[in-house]
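Read off the chains here:
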Amino acid sequence: MTKPKIFIDGEAGTTGLQIRQRLSGRSDLELLSIDPARRKDPAARAELLNAADISILCLHDDAAREAVQLTTNPTSRLLDASTAHRVNPEWVFGFPELSAEQPEKIRQARYVANPGCYSTGAIALLAPLTQAGLLPTDFPVHIQGYSGYTGGGRALVEAHEKGEDHPMRGAFLSYGLGLAHKHLPETMRYGGLTRTPIFTPNVGGWAQGMTVTIPLHLRELGVSAEGLHATLKAHYAGQEYVKVFEMAENPEILDPQTLNGTNNLELFVYPAADGERALLAARLDNLGKGASGAAVQNLELMLGLS
Ligand SMILES: NC(=O)C1=CN([C@@H]2O[C@H](COP(=O)(O)OP(=O)(O)OC[C@H]3O[C@@H](n4cnc5c(N)ncnc54)[C@H](OP(=O)(O)O)[C@@H]3O)[C@@H](O)[C@H]2O)C=CC1
Ligand SMILES: CC(=O)N[C@@H](CCC(=O)OP(=O)(O)O)C(=O)O
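Computed from a prediction, not measured in an experiment: that's the story for all the values here.

1. Considering the pairing of strand β1 (residues 5–9)
Counting buried residues in β1 gives four out of five residues, a clear majority hidden from the surface. Pairing between β1 and strand β2 (residues 30–32): three bridges, direction parallel. Counted as the bridge partner of Lys 5 is Glu 30 from β2. For the handedness criterion, the β-α-β arrangement of β1, helix α1 (residues 14–23) and β2 is classed as right-handed.

Next comes the structure, spelled out in structure tokens:
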């Protein structure tokens, strides 16, 4: 039997390298590789994009859009890790746990767009609550994100590892203060919000791993922390990669690095003793469920292997 051919366009980058590592032991797939000297040459990329059954795009948005133009073979499929196509209606959103129907949509799709790292955490917390009608779509929501520096891609990784200058290099920096982060459109679309949330991202001096938190005032919502927790628990029942912690078992201190190297996503509801407030929290590896792990999970679905 012929093995499915997989090409990683951008295999030398942060996400591409990690996908390559995750797939390196696989004997059921054939990995197509580009001559490193020609890795940005459109003709060399087009050859592999059209020879592959599935190409995984680990590129910046412009190069990802170019890859779509270069892929003219109608049987070649694309799985994009960039922001370029996440809210494009011709693309299926690569968060299989979004709904019961999402895995089948991914299996059938020619084009799949993976979520961003922060938005994976935010959508995982918001979507079940808006789908169940517990969180009104126009509720004022504030999302905070805390990411390791690999979230900034190769330039920020090299700044940290080689001590080079970079405006985002530091022990702890708040950014995105114009409140227009690129993950907002996908967070609204798939998190089910019609009112733009306030999203405040932060990046720190650790390499990988992240937390995403959403504080909620419950009086206006008319729901208890237990009600929010039960809805999340029911939505993710039976999922392999998403775990909703029992509130009694919530860690007292949330370390963003705990899930590094995995494709897992952990969700928490922290209740305040007064019953009036709760903190929703998500923990994931930005390079795992936030990027490369999610890409491999979607690849398996697209190949019909899961
Ligand atoms: N890092 C993360 O946590 C996450 C990243 N993503 C997304 O995944 C994508 C890749 O990100 P990341 O791996 O971090 O980025 P990197 O900058 O680490 O990697 C991008 C790679 O693409 C290469 N490249 C640039 N232009 C071209 C081109 N025209 N043709 C082929 N290759 C090219 C770059 O080479 P060179 O460096 O030499 O320019 C680099 O090796 C981005 O869209 C990012 O937003 C998604 C989720 C999480
Ligand atoms: C720390 C850092 O810079 N993080 C990136 C997001 C990383 C990510 O998820 O990127 P994509 O949306 O492209 O997939 C940022 O805030 O732009």
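2. Quick notes on the domain arrangement of the chain
You'll often see interface size given as the accessible area lost when the parts meet. The domains assigned to the chain are domain 1 (5–115 + 291–302) and domain 2 (117–289). Of note, the centres of domain 1 and domain 2, computed from C-alpha atoms alone, are 25 Å apart. With 19 residues of domain 1 at the interface, the matching set in domain 2 holds 31 residues. Our count for the contact surface shared by domain 1 and domain 2 stands at two salt bridges. A salt bridge links Arg 86 to Glu 186; the shortest N-O distance between them is 3.0 Å. At the junction of domain 1 with domain 2, the criterion picks out 17 residue pairs in polar contact (both at pLDDT 80 or more). The set of elements that each furnish at least two residues to the side of domain 1 that touches domain 2 consists of α1 and α9 (288–302).

3. Quick word on the site of ligand 2
Close to ligand 2 lie 15 residues; Arg 86, Cys 117, Tyr 175, His 181 and His 183 are nearest. For ligand 2, an oxygen atom lies 2.6 Å from a polar atom in the side chain of Tyr 175. The contact in question runs from an oxygen atom of ligand 2 to an N or O atom on the side chain of His 183, over 2.2 Å. For ligand 2, the protein covers 84% of the area, taking 440 Å² as the surface of the free molecule. Because more than half of its atoms lie within 2 Å of the grid, ligand 2 is assigned to the largest pocket.

4. Some points on the side chain of Thr 83
Structurally, the position occupied by Thr 83 is in the loop between β4 (77–80) and β5 (92–93). In this structure, Thr 83 is in contact with Asp 61, Lys 182 and Glu 186, ignoring residues within four places of it in sequence.

5. Quick notes on the site of ligand 1
Not every one of the 24 residues close to ligand 1 is listed here, only the nearest: Thr 14, Thr 15, Arg 39, Lys 40 and Leu 59. Separating a nitrogen atom of ligand 1 from a side-chain N or O atom of Arg 45 is a distance of 3.4 Å. A molecule is said to occupy a pocket when more than half its atoms come within 2 Å of that pocket's grid points, and by this definition ligand 1 occupies the largest pocket. Those elements that provide at least two residues to the shell around ligand 1 are α1, α6 (153–162) and α9. Taken together, the residues of the shell around ligand 1 sort by class into seven nonpolar, ten polar and seven charged. When we break the shell around ligand 1 down by domain, the ones giving at least three residues each are domain 1 (5–115 + 291–302) and domain 2 (117–289).

Criteria and thresholds
Numbers given to residues run from 1 along each chain, matching the order in which its sequence is written. Whichever chain is written first is A, and whichever ligand is written first is 1; the rest continue in order. Local features in this predicted model are restricted to residues of pLDDT 70 or higher, and side-chain atom pairs are both shown and tallied only at a pLDDT of 80 or more, whereas totals for entire chains, interfaces and linings draw on every residue. Just so you know, side-chain values use all the structure's heavy atoms and leave hydrogens and water out. Exposure classes here rest on a 1.4 Å probe applied to the protein chains alone. A residue is buried below 20% of its type maximum, exposed above 50%, and partly exposed in between. Helix and strand definitions follow DSSP, with helices as H or I runs of at least four residues and strands as E runs of at least two, each counted in order from the N terminus. Any two strands with at least two DSSP bridges between them are considered paired. Handedness is read with the strands pointing away from the viewer; a crossover is right-handed when the path from the first strand over the helix to the second is clockwise. Residue ranges for the domains originate in an automatic or database domain assignment. Any two residues whose heavy atoms approach within 4.5 Å are treated as being in contact. For this document, the term salt bridge refers to a Lys or Arg side-chain nitrogen within 4 Å of an Asp or Glu carboxyl oxygen. In protein, a polar contact means a hydrogen-donor-capable atom and an acceptor-capable atom, both N or O and within 3.5 Å, with residues adjacent in sequence counting only if both atoms are side-chain atoms; elsewhere, any N or O pair within 3.5 Å suffices. The nearness test applies per residue and asks whether one of its heavy atoms lies within 4 Å of the molecule or strand. Areas reported here follow the Shrake-Rupley algorithm with a probe of radius 1.4 Å; residue values treat only the protein chains shown as occluding. Think of a 1 Å grid over just the protein atoms. A cavity is a set of points where a 1.4 Å probe fits yet cannot get out, a pocket is an open set with protein on both sides within 12 Å along at least five of seven lines, and lining residues have an atom within 4 Å of a point. Throughout, a molecule is located in a cavity or pocket provided that more than half of its atoms lie within 2 Å of its grid points. Think of it as three bins: nonpolar holds Ala, Val, Leu, Ile, Met, Phe, Trp, Tyr, Cys and Pro, charged holds Asp, Glu, Lys and Arg, and polar takes everything else, Gly as well.

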